[in-house]
Amino acid sequence: MSGQDLILLAASEIIIADGAMGTMLQAHGMTAGVCPELWNVEHADAVGSVYAAYIAAGSRMIGTNTFGGNRIKLDAYGLSDRVAELNHAGVALARAAAGPDNFVAASIGPTGKFLEPLGDMTFEEAEDVFEEQARAQVDAGADVIIMETFSDLPEIKAALKGALKTGMPCFCTMAFDTGGRTMMGIDPVTAALELTDHGASGVGANCGLGPDGMLDIVAKMREITCGIVIAQPNAGLPEIVNGQTVYNSSAEEMAAYAIRFAQMGINIIGGCCGTTPEHIRAIAKAVRM
Ligand SMILES: [Zn+2]
């Protein structure tokens, strides 16, 4: 199987993606302030077991534990010289869990820095940072690269341009907030049009406000593109309870929304923060019925 196989398959059936990685690793004991990507080498068994749990729950496409694996984010942990190693390890573990019949989507998240003119990073610098990450992911056997949780259009375009240099198909999802726009004010139609125009094989939304808030966003994307549309919402709205962030949507509730996503023609359905293999199992079952 390859990224092209995934794109062909998504045209004829709904692909179940996975749920959260970060909140799952926290359940395995990862504490705040730890570099999640370092777990790909120091706690490989835990990362591998999360991937395996999603495959067992019915995921056909698993995202890798490489979301913050760009050199700028890793620099905050003094790990900027380990981009290749940490991305390679994260993708290789996913490849082992997915086997030849399921798909590995190599995750790329934002740098956390602003591009010019708001910040001091140029588009070319950002593109170079993302290309370095994508090359390591492709070398390790990814099928597709997925840009996730971006809110700035120029930054995700830089990521897309850098990642496309590897020759790998790329999906782009952004996090939409209150008012149906990203934190940087981007609306879903503009995002879908521009990213498709710049070579994305799929567009969509992830994280954000939970499944209810995502319905309208991906519906708008579905209307204006005939390509792949992806929905990976959080398990409801995050709430702080006793100093902990909790997500309240049950597996059944997420499954009910998954049916609505499926009915509107969304091609890839999964979850983001707070979703677990239990949520994915319920979603897979509901969508297959
Ligand atoms: Zn999320």
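Residues numbered from 1 in each chain as written. Predicted model: local features only at pLDDT ≥ 70, side-chain atom pairs only at ≥ 80, totals over all residues.

**Overview of the overall build of the protein**
Summing up its helical and strand segments, the protein has 12 helices and 10 strands in all. Computed over its C-alpha atoms, the radius of gyration of the protein comes to 17 Å, within 12% of the 19 Å expected for a compact globule of 289 residues. Reported as C-alpha extents along the three principal axes, the dimensions of the protein are approximately 45 × 45 × 40 Å. Burial status across the protein gives 55% buried among its 289 residues. For the protein, the share of sequence-separated contacts (at least 6 apart) that also reach a separation of at least 24 residues comes to 77%. (Helix = DSSP H or I, 4+ residues; strand = E, 2+ residues; numbered from the N terminus. Rg over C-alpha atoms; globule rule 2.2 N^0.38 Å. Buried ≥ 20, exposed ≤ 12 C-beta atoms within 10 Å, placed from the backbone. Contact = placed C-beta atoms within 7 Å.)

**A short note on the nonpolar core**
In terms of nonpolar packing, the biggest core is built from 95 residues, with Cys 170 and Ile 269 touching the most fellow members. In contact with Cys 170, not counting residues within four places along its chain, are Val 144, Ile 145, Met 147, Leu 160, Ala 163, Leu 164, Gly 199, Ala 200 and Ser 201. (Core = buried A, V, L, I, M, F, W, Y, C linked by C-beta atoms within 7 Å.)

**Regarding the pairing of strand S6 (residues 202–207)**
Counting buried positions over the six residues of S6 gives six, a clear majority of the element. Alignment of strand S5 (residues 170–174) against S6, held across four bridges, turns out to be parallel. Within S6, the position partnered with Phe 171 by the bridge is Gly 202. Handedness of the β-α-β unit built from S5, helix H9 (residues 188–197) and S6 comes out right-handed. As paired strands, S6 and strand S7 (residues 228–233) are joined by six bridges and run parallel to one another. By the bridge assignment for S7, Asn 206 is matched with Gln 232. (Pairing = 2+ DSSP bridges. Right-handed = clockwise from strand over helix to strand, strands pointing away.)

**Some points on unusual backbone geometry**
One can expect most non-glycine residues to show negative phi and most peptide bonds to be in trans. Of the consecutive residues Glu 116 and Pro 117, the connecting peptide bond is found in the cis state with omega at 5°. The topology assignment puts Pro 117 in the loop between strand S3 (103–108) and helix H7 (123–139). Backbone geometry at Asn 242 places phi at a positive 50°, although glycine is not the residue there. Structurally, Asn 242 is set in the loop between strand S8 (238–241) and strand S9 (244–247).

**Notes on the pairing of strand S4 (residues 144–150)**
Most of S4 is tucked away: seven of the seven residues are buried. Strand direction decides the pairing type here: S3 and S4, joined by four bridges, are parallel. If you follow Ala 106 over to S4, its bridge partner there is Ile 145. Handedness of the crossover joining S3 and S4 through H7: right-handed.

Read these as spatial facts, not as claims about activity.
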